[in-house]
Amino acid sequence: MQLPVHSATLPRHALLSGAMTVDPLSTVFVVDDDISVREALQALIELSGSRVRAFDSAEAFLASEPASGPSCLVLDVGLPDLNGLDLQERIASDRAEMPIIFITGFGDIPTTVRAMKAGAAEFLTKPFDDEVLLAAISAALERSGAALGERAALQKLQDRYEALSRREREVMGLVVAGLLNKQVGGELGISEITVKAHRGRVMEKMMARSFAELVKMSERLGLTSTARR
């Protein structure tokens with residue numbers, strides 16, 4: 001299998017002319033059992049500015065450490081033993097923030113459909129242009145960075161919620177469900193003044209600038225529907 005346009009045939013400025021916006025912490029994983037393709041891909045991607053970790057099998061990739069920053073996987077479908085589609089299924093949960101770009105020399109509709117339904121970022125059939133691959137990698141890394149940012153933000157929100165006292169969580173749940181302070185007090189058997197005090201601490205600890213923002217935080221944490229029930 002041969003890449004149509006090898007990086008060695010293109011001038012350096014052609015590969016670096018805005019094809020990719022690179023995060024210095026990003027990593028592109030390449031898994032292909034064909035050494036000529038693997039080395040060509042690694043050279044091309046490194047020349048564009050990304051860090052590359054290349055493997056000749058799915059097993060070798062699975063044995064490696066996950067990236068600490070944004071990442072994507074350029075994955076050959078037709079790997080021996082554990083193929084690309086099976087690897088996609090294997091890592092669906094523990095590396096969910098790593099988009100997969102499939103490459104294959106023998107693409108067919110059922111394979112493409114299965115890969116895309118399982119969440120593949122792109123499915124490229126060899127031969128493909130270097131710029132097409134670089135654009136797909138750039139988009140995948142951006143998507144990975146956004147997913148990691150969202151996960152980190154959600155974790156901070158979860159940490160704030162866990163820092164609330166049991167009573168503060170109860171007040172928060174009833175307030176975002178739409179109950180007035182007096183109604184919350186009736187539900188919990190406490191005074192309205194005490195409810196207001198708990199509510200103020202909830203707003204402060206959750207770092208919510210408004211009640212509407214507190215409701216959105218509750219929704220992100222999956223608490224609103226539970227509170228309403």
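Residues numbered from 1 in each chain as written. Predicted model: local features only at pLDDT ≥ 70, side-chain atom pairs only at ≥ 80, totals over all residues. Heavy atoms only, no water.

Asks: Before we move on, can you summarise the overall build of the protein with the specific residues and values?
Replies: Summing up its helical and strand segments, the protein has eleven helices and five strands in all. The contacts in the protein between residues at least 6 apart in sequence include a share of 68% that link residues at least 24 apart. (Helix = DSSP H or I, 4+ residues; strand = E, 2+ residues; numbered from the N terminus. Contact = heavy atoms within 4.5 Å.)

Asks: So, helix 7 (residues 166–176): which residues are in play, and what are the values?
Replies: Listed in full, the buried residues belonging to helix 7 are Glu168, Val171, Met172, Gly173, Leu174, Val175 and Val176. Where helix 7 ends, the next residue or the one after it, Gly178, has phi of about 110°, a positive value. (Buried < 20%, exposed > 50% of the residue type's maximum accessible area, 1.4 Å probe, protein only.)

Asks: Requested: an account of unusual backbone geometry, with residues and values cited.
Replies: Following Lys126, the chain continues into Pro127 via a peptide bond in cis, with omega recorded as 0°. Relative to the helices and strands, Pro127 is located in the loop between strand 5 (122–125) and helix 6 (130–162). Although it is not a glycine, Asp81 sits at a positive phi angle of roughly 60°. If you check the backbone angles, Met207 has positive phi at about 60° while not being a glycine. Here Met207 shows up in the loop between helix 9 (192–206) and helix 10 (211–220).

Asks: I'd like a rundown of the environment of Pro66, residues and numbers included.
Replies: Mapped onto the elements of the fold, Pro66 is located in the loop between helix 3 (58–62) and strand 3 (71–76). Note: C-alpha distance between Pro66 and Phe29 (37 residues apart in sequence) is 9.6 Å. Setting aside chain neighbours within four positions, we find Pro66 in contact with Phe29, Arg53 and Arg95.

Asks: Hey, could you go over the pattern of salt bridges for me, with residue numbers and the actual values?
Replies: This structure, assessed with the given rule, holds eleven salt bridges. Note that Asp76 is salt-bridged to Lys126, the shortest N-O span being 3.9 Å. With Asp76 in strand 3 and Lys126 in the loop between strand 5 and helix 6, the pair connects residues that are 50 residues apart, well separated along the chain. Across this residue pair, the class does not change: Asp76 and Lys126 are buried. One salt bridge in this structure joins Arg220 and Glu150, with 2.7 Å as the shortest N-O distance. One end of the pair, Arg220, is in helix 10; the other, Glu150, is in helix 6, with 70 residues separating them in the sequence. (Salt bridge = Lys/Arg side-chain N within 4 Å of Asp/Glu carboxyl O.)

Asks: Break down the sheet that holds strand 4 (residues 100–104) for me, with residues and values.
Replies: With respect to topology, five strands assemble into an open sheet ordered 2-1-3-4-5, the strand pairing being parallel. Two strands in the sheet have a free side with no partner beyond their single neighbour: strand 2 (51–55) and strand 5. Mean inter-strand twist for the sheet, computed between neighbouring axes without regard to direction, equals 20°. Direction of pairing for strand 1 (residues 27–31) relative to strand 2: parallel, over a ladder of five bridges. Within strand 2, the position partnered with Val30 by the bridge is Ala54. Here helix 5 (residues 109–117) sits on the sheet and contacts strand 4 and strand 5; the angle it forms with strand 5, its principal contact strand, is near 155°. (Pairing = 2+ DSSP bridges. Axes fitted to C-alpha atoms, helices over the stretch in contact; angles between N-to-C directions.)

Asks: How would you summarise the packing of aromatic side chains if you had to cite specific residues and measurements?
Replies: A complete count under the given rule lists four aromatic pairs for this structure. Measuring from centroid to centroid gives 5.4 Å for Phe29 and Phe61, while their planes differ by 80°, and the two rings are edge-to-face. You can see Phe29 sitting in strand 1 and its partner Phe61 sitting in helix 3, a full 32 residues away along the chain. One exposure class covers both Phe29 and Phe61, and it is buried. For the ring pair Phe102 and Phe123, a centre distance of 5.9 Å and an interplane angle of 35° mean the geometry is tilted. Here Phe102, found in strand 4, pairs with Phe123, found in strand 5; they are 21 residues apart in sequence, far enough to count as distant. Pair check on accessibility: Phe102 and Phe123 agree, each one buried. Three or more aromatic residues link up through ring pairs in this structure, and these residues are Phe29, Phe55 and Phe61. The aromatic ring of Tyr161 is capped on one face by Arg169, whose charged end is 5.1 Å from the ring centroid. (Phe/Tyr/Trp six-rings, centres within 6.5 Å; stacked < 30°, edge-to-face > 60°. Lys NZ or Arg CZ within 6 Å of the ring centre and 35° of its normal.)

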